[in-house]
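Below, each chain spelled out in residue letters.
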Amino acid sequence: SATTQYNMQYYGSGGAATEDSNLVIEWTNQHGCGGSEDTNPHKLNCDIVIQYMCQNDVTAGTLTNNGNADNRVEVIRDGVQTNNNNYQPPNQNEANNNNAYAARINGNKNQADIRNGMQESMIWYDMCKYREANAGLFTADQKLRQQRLGYVDSASTRQNPNGNRNGYECPEERDYYPYWQPTLMSQTADLTRQTTPWIDLAFLTSNTSRCDIIKQGSFNQNGIARCVYNNGQRTYGRQISEAACTQDGGTWVTFQSYLEILDDATTEAACTAKQATDTRNKISWLQLRSDEATKRCVVQAPVVDCTTAPWTRVNHNGNSADNAGNASRYDAVLPHFPSGKTKRCVLRLRYNISTDDYDPFQTDANDNENTQEGVRSPVEQNPLVDVGANARPLRLAINTNQYGRTFQDRSHVFKIVARTTAMAGKVIHNLNVRGKRGNIVQTYPAVEYDFIPGRATISKDDLVHIQWTGANNHNNQPNGGDGQTGDAGEGTGGTDRSNFLEMQGEIENYPVPFENTTFWSKVESLTNPAATAKDLFVSMMSSGYYCGAAANAGCAANQVIGTKQPALNNLLNNAPASYFGHVLKFKEALSVAYMCSRNNNFSNRSQKGILWVVEKEQAANAKRSTRKASLDFRKKTN
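Nothing here was measured: the structure is a model prediction, and the numbers come from that model.

Asks: Requested: an account of the sheet that holds strand β7 (residues 260-261), with residues and values cited.
Replies: The strand order across the open sheet built from three strands is β7-β9-β8, with neighbouring strands paired in antiparallel fashion. For this open sheet the edge positions go to β7 and β8 (282-286), each flanked by a neighbour on one side alone. Two elements, β7 and strand β9 (residues 296-300), share two bridges in a ladder whose sense is antiparallel. Paired with I261 across the two strands is V298, which belongs to β9. Across the face of the sheet, helix α7 (residues 268-276) comes into contact with β8 and β9 while running at roughly 170° to β8.

What follows is the structure, encoded as structure tokens:
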């Protein structure tokens, strides 16, 4: 059920530059990506856009209460079933009929189900259905379907010509970046839930000469306008240009993005004081929309990070040449929310590929197939081509709705929580578990269980948060997707379990008994300062089944080893699938090799890692050395 789902909980970054919370984001992309230097040309153009969206957290009961219609279409959640929420699109009868519009919107709310997952809001998709598709885009020989309002709306794109729906995402916004409309999830700023628009974290590209354009087009710190109508309850409509908006009786209004809105700063002076304590975000006393006089203290996310994408070859869901043999990854810095409120968030990664069969930046609607005007698209569906030598023409495999294509993947809901005072001034490294149950074929194109990062060098002044998530209902039955069906693994079928045990060295496969360990005596917990070395060992060894070896301020007497019954199963079957873990502080420099006792199965799968904790300058040098090793690795493999 929704109340028993575990959401990963990360401590956010702090306001100071020395207070990063680092999270490794990792992926594979089948069709390749990365820089395209003259000395190492690629076979395609690519961009990877990483974004997140957050809102204020809700109580567990909210996720099971189907009685609140607004919750059903506004609360970000994973859901407990995979159905789309029902949705009735607009029609021409409600164009000037507020009652008809209100009745349809209320009907959509009432037909939604809190058990279904949701990220974008229903109103966001309704704006998409009203908004006219951008007629200046290249659609090749694809014919976009008109919808019930009598025109092609922004749910129809070259890649999605029939306007098919997935959740409440807007296909046009999904397929194009930067988008020319504000990505707010409501008609105006959401002051209650404070649902952010999509926040741009990173733009990874094969062509960094476009970075200035990307930064200027990002909604993070740049106002973006849309047409606002005075139609009563509905303030959105068809037009997407200022001239057309004015002619249609609307007002062209500029909206501002926000990470959050600080309710406790009610004057410009108070807002300015907030900025003085935050070197990470942009905090300004400004209007959230240009047609309103009211100003608020608005927190805006940092400028999007635009850099070269990790290099991978085509036809290969494998590792990157830019990450010393690791999968493609981005070292993300989690956001800082000055309010200190817990946020529920989701992350999406979009991967766009195009070719040079036509200019990806200059080809537009003027090049669309138009037989009446004698215009031929530069690419056509499965064309026959003349190869010369008096041979018969050969057919190429070209699907024009995929020539220039955007793929997408999304995360489950995770939470960002405020730091404790003990974490002030510290960098936090998040050490988690990746992969899923199954053998190497069954998990494809994902991976088997492993720690991430599996090898890391950090400063002894930094902190590490060890945490993981798993499930009790893993289902890899027919159809198994890209890999084979099956459930290879240890312990009860369909379940994930992990734990954390010290080893003498990373080439070994046996844990060290607590009495012989060196790691636990050199760390202390900031999440439970009362925990002893033995308490930490017992908690990590049991995946939180026991909170410690003996009762303490953060561990009840009935939850300790020797008291809690039944005893821990030797394959962790009765242990929790997910574990919040501990944030560890280091007393001295050290190194530790670690393993998971259940999943580490030599010659089948390796769930091991190693952590080097060194002096600050050594950690900085190690980071530089890793970058150099990545570049050397790329040269060797290309």
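And the narrative resumes.
Asks: An account of the state of the cysteines is requested, with residue identities and associated values reported.
Replies: Put plainly, a disulfide is one covalent bond tying together the sulfur atoms of two cysteines. Following the criterion strictly, the structure yields seven disulfides and no others. A sulfur-sulfur distance of 2.1 Å marks the disulfide that ties C211 to C306. Disulfide C211 to C306: torsion about the S-S bond roughly -75°, handedness left-handed. Placement of the pair is C211 in helix α5 (residues 211-217) and C306 in strand β10 (residues 305-308), with a sequence separation of 95 residues. The class for C211 is buried, based on a relative accessible area of 10%. Judged by its relative accessible area of 13%, C306 falls in the buried class.

Asks: I'd like to hear about the nonpolar core, residue by residue, with values.
Replies: Generally speaking, soluble globular proteins have nonpolar side chains that are buried together. Formed by 37 residues in total, the largest nonpolar core has its most connected members in W27, I48, I50, L204 and Y330. Elements supplying a minimum of two residues to this core: β2 (21-27), β3 (45-56), β4 (199-205), β9, β11 (328-333), β12 (343-354) and β16 (414-417). Excluding its chain neighbours within four sequence positions, the residues that come into contact with I48 are W27, N29, C33, A202, F203, L204, L349, R350 and Y351.

Asks: Before we move on, could you go through the environment of I466 and cite the residues and values that matter?
Replies: Considering the arrangement of structural elements, one finds I466 in strand β20 (residues 463-468). The contact partners of I466, leaving out residues within four places of it in the chain, are L431, F500, M540, F580, G581, H582 and L584.

Asks: Let's hear about the pairing of strand β17 (residues 428-434): which residues, and what values?
Replies: The buried count for β17 comes to six of seven residues, which makes it a mostly enclosed element. For β2 and β17, the ladder comprises two bridges, and the chain directions are parallel. Counted as the bridge partner of N22 is H429 from β17. Across four bridges, β17 lies against β20 in parallel orientation. Counted as the bridge partner of L431 is I466 from β20.

Reading the values: rules and limits
- Residues numbered from 1 in each chain as written.
- Predicted model: local features only at pLDDT ≥ 70, side-chain atom pairs only at ≥ 80, totals over all residues.
- Heavy atoms only, no water.
- Pairing = 2+ DSSP bridges.
- Helix = DSSP H or I, 4+ residues; strand = E, 2+ residues; numbered from the N terminus.
- Contact = heavy atoms within 4.5 Å.
- Axes fitted to C-alpha atoms, helices over the stretch in contact; angles between N-to-C directions.
- Disulfide = S-S within 2.5 Å.
- Buried < 20%, exposed > 50% of the residue type's maximum accessible area, 1.4 Å probe, protein only.
- Core = buried A, V, L, I, M, F, W, Y, C linked by side-chain atoms within 4.5 Å.

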